[in-house]
Structure formats: structure tokens, C-alpha cells
Amino acid sequence: MAKALLGHVNSDVRTTAVLTVENRRLRRRVEDLEALVLRLQADNDRLAAADRDAREAARVAEDLQLA
């Protein structure tokens with residue numbers, strides 16, 4: 001029985017084609033998600049730098065007002 005089932009699964013060309021298409025789709029999705037992660041990391045770095053600059057400018061302005 002097991003041999004019959006394995007033979008059936010391995011010889012089904014449609015299953016291989018479906019898996020190939022699904023695999024290709026998943027690989028594309030992973031690439032898209034990786035690109036999104038890189039874009040979000042770059043955005044986060046840019047925003048963190050802008051926040052640091054704004055805090056520094058506020059600190060300098062406050063120091064000037066106290067002087």
C-alpha cells in the first residue's frame with residue numbers, strides 16, 4: 001500500500017507543477033518582505049537621526065535661554 005501511495009505521489013506531474021509555482025510565489029514574497037524590512041530600517045535610521053538632531057537643537061536652544 002505504501003509503495004502504491006508513494007508511486008502515485010511521485011508520478012503526479014500536476015503536484016510537482018503546483019509545488020513549483022507555489023515555491024516560486026513564496027520566494028518572491030520573501031524577497032518582497034526582505035526589501036520592505038530594508039526600507040523600514042532605512043526609514044527608522046533616518047527618523048532616529050532627525051529625532052537626535054531635534055533633541056540636540058532643543059537642548060542648545062534651552063542652554064542659550066538659560067545663559
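Residues numbered from 1 in each chain as written. Predicted model: local features only at pLDDT ≥ 70, side-chain atom pairs only at ≥ 80, totals over all residues. Heavy atoms only, no water.

## With respect to the overall build of the chain
Scanning the chain from N- to C-terminus turns up 2 helices and 0 strands. When the accessible surface of the chain is totalled, it reaches about 6300 Å², and 61% of it is carbon and sulfur. (Helix = DSSP H or I, 4+ residues; strand = E, 2+ residues; numbered from the N terminus. Areas by Shrake-Rupley, 256 points an atom, 1.4 Å probe, with all protein chains shown as cover.)

## A few points about the UniProt feature "coiled-coil region" (unreviewed entry) in the chain
Here the UniProt-annotated "coiled-coil region" (unreviewed entry) positions come out as residues 16-50. Structurally, residues 16-50 is divided into 100% helix and 0% strand, and its ends, taken at the C-alpha atoms, are 51 Å apart. (UniProt positions renumbered as here; feature names shortened; annotations may be inferred.)

## Things to note about the pattern of salt bridges
A complete count under the given rule lists 6 salt bridges for this structure. Among the salt bridges present, the one from Arg-59 reaches Glu-56, with a minimum N-O distance of 2.6 Å. Remark: Glu-56 and Arg-59 occur in helix H2 (residues 13-66); sequence separation between them is 3 residues, near one turn of the helix. A relative accessible area of 42% means that Arg-59 is categorised as partly exposed. The partly exposed category is assigned to Glu-56, whose relative accessible area is 37%. (Salt bridge = Lys/Arg side-chain N within 4 Å of Asp/Glu carboxyl O. Buried < 20%, exposed > 50% of the residue type's maximum accessible area, 1.4 Å probe, protein only.)

## Some words on a nonpolar patch on the surface
Side chains of Leu-33, Leu-36 and Leu-40 sit close together on the surface and give an oily, nonpolar patch of about 230 Å² of accessible area. Tracing the sequence through the fold places Leu-40 in helix H2. Looking at Leu-40, the relative accessible area reads 45%, which means it is partly exposed. (Patch = residues over 30% accessible without salt bridge, like charges linked within 9 Å, V, L, I, M, F, W, Y side chains within 5 Å.)

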